[in-house]
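A structural walkthrough
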Amino acid sequence: KPIADFDALSQKSAEAAGSTHPAIFSLLPAEKSDSKSAALEHNEERDYWIVRVILPGAAGDEKVEVPLRLVVVGRSEV
């Protein structure tokens with residue numbers, strides 16, 4: 001069920017992360033790929049594990065594909 005209230009969303013996110021601060025998702029720029037399949041990639045330089053997926057989306061009435069890369073394991077120094 002969607003959570004529309006920002007404060008409630010932040011609270012639920014912190015609970016899910018097991019902390020007092022909402023979870024933070026690290027998104028990376030999508031890279032060109034001919035593959036439509038989900039993939040797991042490893043960035044050895046930063047020791048990140050990254051999931052790449054293409055999600056269905058819409059721009060107005062037009063259906064589009066939304067490429068997404070999400071760090072699922074790793075720690076940022078910034």
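Everything below is about the structure printed above this text.
The paragraphs below set out a description of the structure included in this document. Just so it is clear, the structure is predicted and the values come from calculations on it, not from any experiment. (Residues numbered from 1 in each chain as written. Predicted model: local features only at pLDDT ≥ 70, side-chain atom pairs only at ≥ 80, totals over all residues. Heavy atoms only, no water.)

Structural notes on the environment of P22
The line we're drawing: Secondary structure follows DSSP: runs of H or I at least 4 residues long count as helices, runs of E at least 2 residues long count as strands, and numbering of each begins at the N terminus. When checking whether two residues touch, look at their non-hydrogen atoms; a contact exists if any pair is within 4.5 Å.
Checked against the element boundaries, P22 lands in the loop between α1 (6–17) and β1 (26–28). Separated by 54 residues in sequence, P22 and S76 place their C-alpha atoms 16 Å apart. When residues no more than four places from it in sequence are discounted, the contact partners of P22 are S10, S13 and A14.

With respect to the environment of L27
Looking at where L27 falls in the secondary structure, it is placed in strand β1. Counting along the chain gives 15 residues from L27 to K12, while the straight-line C-alpha distance between them is 20 Å. Filtering out sequence-adjacent residues up to four positions away, L27 remains in contact with L68, R69 and L70.

A look at the environment of H42
To keep things clear, this is the line we draw: Exposure categories follow from relative accessible area, calculated using a 1.4 Å probe and restricted to protein chains: below 20% of the type maximum is buried, above 50% is exposed, and the middle band is partly exposed. Pairs of N or O atoms are called polar contacts if they sit within 3.5 Å, as long as, within protein, a hydrogen donor faces a hydrogen acceptor (for residues adjacent in sequence, only side-chain-to-side-chain pairs).
Turning to its location among the elements, H42 is positioned in strand β2 (residues 39–43). For H42, a relative accessible area of 32% translates into the label partly exposed. Along the primary structure H42 and V71 are separated by 29 residues, whereas in three dimensions their C-alpha atoms are 9.6 Å apart. With residues up to four places along the chain from it excluded, the contact list for H42 reads D47, Y48 and W49. One polar contact links H42 to D47, side chain to side chain, over a distance of 2.8 Å.

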